[in-house]
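Reading the structure
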Amino acid sequence: MTALLSVWWVWIAIAIGLAIVEILAPGFMFLGFALGAVVVGVLLAFAPAGSITLPVLLLIYATLSLIAWLVLRHFFKGPKGQVKHFDRDIND
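Worth saying up front: this structure is predicted, and the values here are computed from it rather than measured.

Describing the nonpolar core
Core analysis: the largest hydrophobic core is formed by 13 residues, its most contacted members being Leu5, Trp11, Ala37, Val40, Leu44, Leu57 and Tyr61. At the level of elements, helix 1 (8-24), helix 2 (31-46) and helix 3 (54-76) are the ones that each hand at least two residues to this core. Beyond its immediate chain neighbours, meaning those up to four positions away, Ala37 contacts Trp11, Ile14, Ala15 and Tyr61.

A few points about the UniProt feature "transmembrane region" (unreviewed entry) in the protein
Annotation from UniProt places "transmembrane region" (unreviewed entry) at residues 6-21, 28-46 and 52-72. Between the end C-alpha atoms of residues 6-21 the distance is 23 Å, and the span holds 88% helix and 0% strand. The annotated region residues 52-72 carries 90% helix and 0% strand content, and the separation between its end C-alpha atoms amounts to 27 Å.

Overview of helix 3
Taking 1.5 Å as the rise per residue, helix 3 with 23 residues should run 33 Å; its terminal C-alpha atoms sit 32 Å apart, in good agreement. Taken residue by residue, helix 3 has Leu54, Leu57, Tyr61, Ser65, Ala68 and Leu72 as its buried positions. Where helix 3 is buried, its residues contact helix 1 and helix 2.

So, the packing of aromatic side chains
Inspection of every chain in the model, using the stated rule, returns one aromatic pair. Pairing Trp11 with Tyr61 gives two aromatic rings, centres 5.1 Å apart and planes at 50°, and the pair type is tilted. Placement of the pair is Trp11 in helix 1 and Tyr61 in helix 3, with a sequence separation of 50 residues. For the pair Trp11 and Tyr61, one class covers both residues: buried.

Observations regarding the packing of helix 1 against helix 2
Between two packed helices, both the angle of their axes relative to each other and the distance between the axes serve to describe the pair. Where helix 1 meets helix 2, the axes come as close as 8 Å, and the angle between the chain directions of the two elements is 165°. Judged by the inter-axis angle, helix 1 sits roughly antiparallel to helix 2. As helix 1 packs across helix 2, the resulting crossing turns out to be left-handed. On helix 2, the residues that touch Trp8, Trp11, Ile12, Ile14, Ala15, Leu18, Ala19 and Glu22 of helix 1 are Leu31, Phe33, Ala34, Ala37, Val38, Val40, Gly41, Val42, Leu44 and Ala45. Its residues placed into classes, the contact of helix 1 with helix 2 shows 16 nonpolar, one polar and one charged.

Some remarks on the side chain of Glu22
Secondary-structure assignment places Glu22 in helix 1. For the buried residue Glu22, which engages in no salt bridge, the nearest side chain bearing the opposite charge is Arg73, 13 Å off. For Glu22, the side chain forms a polar contact with the main-chain nitrogen of Met29, separated by 3.2 Å. If we skip the residues at most four places from it in the chain, Glu22 touches Gly27, Phe28, Met29, Phe30 and Leu31.

Rules behind the numbers
- Residues numbered from 1 in each chain as written.
- Predicted model: local features only at pLDDT ≥ 70, side-chain atom pairs only at ≥ 80, totals over all residues.
- Heavy atoms only, no water.
- Core = buried A, V, L, I, M, F, W, Y, C linked by side-chain atoms within 4.5 Å.
- Buried < 20%, exposed > 50% of the residue type's maximum accessible area, 1.4 Å probe, protein only.
- Helix = DSSP H or I, 4+ residues; strand = E, 2+ residues; numbered from the N terminus.
- Contact = heavy atoms within 4.5 Å.
- UniProt positions renumbered as here; feature names shortened; annotations may be inferred.
- Expected span 1.5 Å × (residues − 1).
- Phe/Tyr/Trp six-rings, centres within 6.5 Å; stacked < 30°, edge-to-face > 60°.
- Axes fitted to C-alpha atoms, helices over the stretch in contact; angles between N-to-C directions.
- Parallel < 35°, antiparallel > 145°, perpendicular 65-115°, else oblique.
- Left-handed = near helix turned anticlockwise from the far one by under 90°.
- Nonpolar A, V, L, I, M, F, W, Y, C, P; charged D, E, K, R; others polar.
- Lys, Arg positive; Asp, Glu negative; His and termini not counted.
- Salt bridge = Lys/Arg side-chain N within 4 Å of Asp/Glu carboxyl O.
- Polar contact = N/O pair within 3.5 Å; in protein donor to acceptor, adjacent residues only side chain to side chain.

Following this line, the structure appears as structure tokens:
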């Protein structure tokens, strides 16, 4: 498993899988993780083979995913103080 996570296309496949999950369950929950996986895949594609260890790779993925998730949350949140109020029930 550790050798498999050192291959760039595996990270791109993980990113595509997370993007598909995001389409099926919208809410910008998985999009940040998909963006982190894409960046790690590109980093591995251009880095010399074996130059990045798995713990460092996972740390980079976690950091980039968190940053991407926070940026997406900032851009896609509703206006400040806006709360949805429902005046009638769906069963009325």
